[in-house]
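The primary structure of each chain is shown beneath.
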Amino acid sequence: MSTILFELGCEELPPKSLKPLRDALQASVTDQLTAADITFDSIKAFAAPRRLAIQIQGISDKQPDRTEQKRGPAIKAAFDAEGNPTRAAMGFAKGLGIEASELTTINTDKGDYVGFEQTIRGQATTELLPAIFQTALDNLPIAKRMRSGASRNEFVRPVQWAVLMQDDTVIDATIQGHQTGTQTRGHRFHSPDYHNIAHANDYEQLLDGLKVVADFDKRQMLIKNQVKALADEVNSDAIVPQDLLDEVTALVDFPIALRASFEARFLQVPQEALISTMQADQKYFCLTDKTGKLQPYFIFITNIESKDPNQIIEGNEKVVRPRLADAEFFFLQDQKQPLFALTESLKNRVFQDKLGTIWEKSERIAKLAAFIATLMQQQGHDINVDETVRAGILSKADLASSLVGEYPELQGIAGTYYARLNNEPEAVAASLEEQYLPKFSGDVLPQTLIGICLALADRLDTLVGIFAINQAPTGSKDPFSLRRSAIGILRILIEKQLPINLVALVEQAIKGYSDAEGSKIAKMGDTFTQVMAFLNSRYRAMYTEQGVSVDTIQAVQAINPHMPLDFDQRIRAVQAFSELSQASMLADSNKRVANILAKSEVSVADTVDEALLSESAEQNLYANVKQAQTVVQPLLEQADYTQVLQTLASLDEPLTQFFDQVMVNSEDAALKNNRLALLKQVRALFLTVADISELQL
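Residues numbered from 1 in each chain as written. Predicted model: local features only at pLDDT ≥ 70, side-chain atom pairs only at ≥ 80, totals over all residues. Heavy atoms only, no water.

A. Structural view of the overall build of the chain. Check the secondary structure of the chain and you find 26 helices and 22 strands. The C-alpha atoms of the chain give a radius of gyration of 36 Å, which is well past the 26 Å a tight globule of 697 residues would have. Each principal axis of the C-alpha atoms in the chain carries an extent, and together these give about 105 × 95 × 50 Å. Looking at the chain residue by residue over its 697 residues, the buried ones come to 48%. In the chain, once contacts between residues fewer than 6 apart in sequence are set aside, the share between residues at least 24 apart is 68%. (Helix = DSSP H or I, 4+ residues; strand = E, 2+ residues; numbered from the N terminus. Rg over C-alpha atoms; globule rule 2.2 N^0.38 Å. Buried < 20%, exposed > 50% of the residue type's maximum accessible area, 1.4 Å probe, protein only. Contact = heavy atoms within 4.5 Å.)

As structure tokens, then:
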């Protein structure tokens with residue numbers, strides 16, 4: 001057992017790709033070693049700005065030997081009548097490098113054959129490793145490879161050295177066009193020369209002494225700890241997004257965190273703009289107080305251990321100041337006119353060629369949001385319809401602002417700031433940011449009632465419009481993010497407990513495209529059908545992500561509820577029903593009932609004639625059905641679907657007895673039709689919640 005070290009030294013690797021490259025390299029080497037039947041105790045990948053490395057400890061020296069059985073022609077074809085080997089047998093033996101006399105007999109179910117068992121000697125690990133590492137490098141997820149100089153070898157960055165060692169010995173090979181050796185390089189500035197690696201086990205410790213923390217995760221933890229310590233010194237919390245942390249970790253060999261500051265006057269600018277420019281452009285970690293308000297500090301990570309850190313701090317402060325000043329300029333420039341005045345320019349900005357301008361979209365949002373607000377009022381919510389209309393008109397105004405022009409990610413956020421500066425009602429101001437929520441799967445929902453109205457109206461308007469012009473999502477293409485918008489609509493209606501019918505919303509959204517000159521939607525009926533089908537299809541994606549089984553979703557979809565909140569309540573009821581001991585039998589019985597009714601050649605009556613109930617089992621079932629109908633009715637009015645199914649679970653035994661003892665397809669037509677009517681009532685009871693026959697229990 002020994003230790004293997006592989007290192008590829010390069011010019012600075014792409015920081016956003018470094019972590020994925022490390023993980024892909026380790027995964028590929030691991031898979032290849034496993035496929036080659038080479039055992040090892042542990043494998044560890046290293047990744048720093050100028051290197052990718054793998055250290056494998058406790059690796060076996062060679063592949064195990066293996067026995068391989070070769071089967072040749074059938075005995076009858078291998079030997080003639082005198083028992084002498086035929087040409088077929090001799091040819092087979094020659095191909096194996098043996099004499100025909102060495103062949104053995106292999107007995108199989110299909111007859112006897114000649115054969116030979118040979119031992120395949122395992123290759124030495126050191127012979128296999130060069131190809132394993134080169135293959136791993138060739139398979140790395142690199143979007144665009146490059147060549148360096150006259151070399152024909154391609155990689156993400158020019159390669160400068162290669163190390164491949166077994167313990168203290170070089171494994172002679174050429175990888176990425178470089179002869180392998182035992183020399184690595186340290187920190188570009190602190191230790192730029194080549195240094196010899198005495199033993200493969202010394203790698204990480206050697207580089208630590210050369211100011212290179214080769215372990216990506218260790219380097220990241222150092223950054224996190226330093227950032228937290230500096231933030232604590234000023235009683236602040238650092239904003240440390242994982243993507244930014246990964247990128248910064250990939251930029252430095254030897255992380256040193258320093259804290260700098262900027263003028264407090266910049267804090268009048270929306271903090272989202274300041275944070276955006278400091279994170280995206282400068283890779284800084286911003287600081288906030290305990291309430292989340294931005295503080296006039298930032299932390300940056302330097303790659304050198306300076307004798308005079310103040311010079312580096314002052315340099316970064318000098319660099320960031322113009323960027324913050326730009327944000328301040330845009331913010332002040334926008335305030336020279338009220339937010340509403342910005343809507344004028346929206347009249348010349350196209351939302352979509354066939355669907356009009358952004359201003360027209362704002363008008364449609366205002367009308368649809370007002371419709372939703374009215375529905376919410378009728379349900380007892382305290383919402384101001386006039387303020388909702390105002391919010392709809394202002395909803396897209398900040399798209400014409402200088403701040404959003406420079407920082408597109410601030411759409412909605414900038415509008416909220418400007419609305420407050422213009423003394424718009426707080427409910428209006430807050431809704432301008434909330435209209436874009438949720439932005440991604442699992443994101444927070446709008447909190448204010450007007451924000452909910454805008455979020456629904458905006459998504460519904462886009463959904464209807466894009467379907468009307470035949471630009472619906474296809475395959476993996478969804479340029480208008482309609483799938484995400486649809487799930488956003490469903491989530492809002494469900495999680496905000498709003499009993500609003502999708503039919504009413506989609507119809508109203510379609511009406512919004514009509515004016516005195518007519519409608520922008522040529523085929524309203526087709527658009528309605530397509531949008532409703534699309535919205536209903538998103539339930540599956542949404543609920544499977546939550547761990548709900550597909551058959552549960554299908555059971556509810558089968559009865560096509562149009563109210564998302566109602567749909568969700570039915571889903572939860574079916575989930576609870578599936579846990580009952582009677583669930584499996586009732587699901588099977590429902591399938592049987594559905595099949596019997598589907599095969600009926602006559603129209604089945606809705607009522608049962610008690611006088612025709614001749615068998616005790618059908619009389620018992622009928623009595624239980626009547627009782628269930630009485631109990632279930634008030635539960636349905638309260639939408640207590642869980643209790644409905646709990647009640648219907650009592651039909652398990654009567655149904656089983658009915659099928660065991662009663663012949664449904666009686667030769668007496670009257671009896672047959674009456675029994676079908678009874679089963680129809682059973683089916684109808686379950687369909688008040690879901691189609692239980694869809695369950696696969």
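B. Geometry of the sheet that holds strand β4 (residues 66–74). Strand order across the open sheet formed by three strands is β4-β6-β5, with antiparallel pairing between neighbours. This sheet does not close on itself; its edge strands, each paired only once, are β4 and β5 (104–108). Strand-to-strand twist of the sheet, defined as the mean angle between neighbouring strand axes without regard to direction, takes the value 45°. Pairing of β4 with strand β6 (residues 111–120), which is carried by seven bridges, proceeds in the antiparallel orientation. Looking across to β6, one finds that R71 is bridged to G115. Across the face of the sheet, helix α3 (residues 87–96) comes into contact with β4 and β6 while running at roughly 160° to β4. (Pairing = 2+ DSSP bridges. Axes fitted to C-alpha atoms, helices over the stretch in contact; angles between N-to-C directions.)

C. Looking closely at the layout of surface pockets. Taken as a whole, the largest pocket encloses approximately 540 Å³ of empty space. Y436, D458, T462, F480 and S485 are the residues nearest the centre of the largest pocket, which is lined by 18 residues in total. Listed by contribution, the elements that provide at least two residues to the lining of the largest pocket are α11 (358–378), α16 (449–468) and α17 (482–495). Considering each element in turn, the lining of the largest pocket owes the most residues, three residues, to α16. In the lining of the largest pocket, the residues fall into seven nonpolar, five polar and six charged. (1 Å grid on protein atoms, 1.4 Å probe; cavity = no way out; pocket = protein on both sides within 12 Å on 5 of 7 lines; lining within 4 Å. Points joined across faces, edges and corners; volume = space filled by probe spheres on them. Nonpolar A, V, L, I, M, F, W, Y, C, P; charged D, E, K, R; others polar.)

D. Local environment of the pairing of strand β18 (residues 294–302). β18 sits mainly inside the fold: seven of its nine residues count as buried. Note that strand β16 (residues 256–261) and β18 share six bridges and pair antiparallel. When the sheet's bridge partners are listed, R259 is paired in β18 with I299. The pairing of strand β17 (residues 285–288) with β18 spans three bridges and is antiparallel. Each bridged residue has a counterpart across the sheet, and for T288 the counterpart in β18 is L294. Between β17 and β18, which pair antiparallel one after the other, the connecting turn spans five residues, and G292 there sits at a positive phi close to 95°.

E. Helix α24 (residues 641–648), seen in detail. Considered for burial, the residues of α24 that qualify are Y641, V644, L645, T647 and L648. Taken end-on, α24 shows its buried residues confined to a sector of 155°, consistent with a single buried face. Lining the buried residues of α24 we find α21 (564–578), α22 (583–598), α23 (616–637), α25 (652–661) and α26 (669–687). (Arc of directions from axis to C-beta.)

F. Here's a closer look at the sheet that holds strand β2 (residues 42–48). One open sheet accounts for five strands, arranged β2-β3-β1-β9-β10; its pairing is antiparallel. Only two strands of the sheet have a single partner each, and these edge strands are β2 and β10 (169–170). Judged from the seven bridges that link them, strand β1 (residues 2–10) and strand β3 (residues 51–59) form a sheet pairing that is antiparallel. In the sheet register, L5 faces β3, and the bridge partner there is Q55.

G. Molecular detail of unusual backbone geometry. The amide bond that connects L437 to the next residue, P438, takes the cis arrangement and shows omega of -5°. For P438, the location among the structural elements is in the loop between α15 (426–434) and α16. The phi angle at S481 is positive, at roughly 55°, despite the residue not being glycine. Structurally, the position occupied by S481 is in the loop between α16 and α17. S481 sits in the partly exposed class, given a relative accessible area of 22%.

H. Layout of the pattern of salt bridges. Summed over all chains, the structure comprises 33 salt bridges. Residues R390 and E424 are paired through a salt bridge, measuring 2.7 Å at the closest nitrogen-oxygen approach. Separated by 34 residues along the polypeptide, R390 in helix α12 (residues 385–394) and E424 in the loop between α14 (413–421) and α15 bring together distant segments of the chain. According to the relative accessible area criterion, R390 is partly exposed, its value standing at 31%. For E424, a relative accessible area of 15% puts it in the buried group. Linking D478 and R483 is a salt bridge whose minimum nitrogen-to-oxygen distance equals 3.9 Å. (Salt bridge = Lys/Arg side-chain N within 4 Å of Asp/Glu carboxyl O.)

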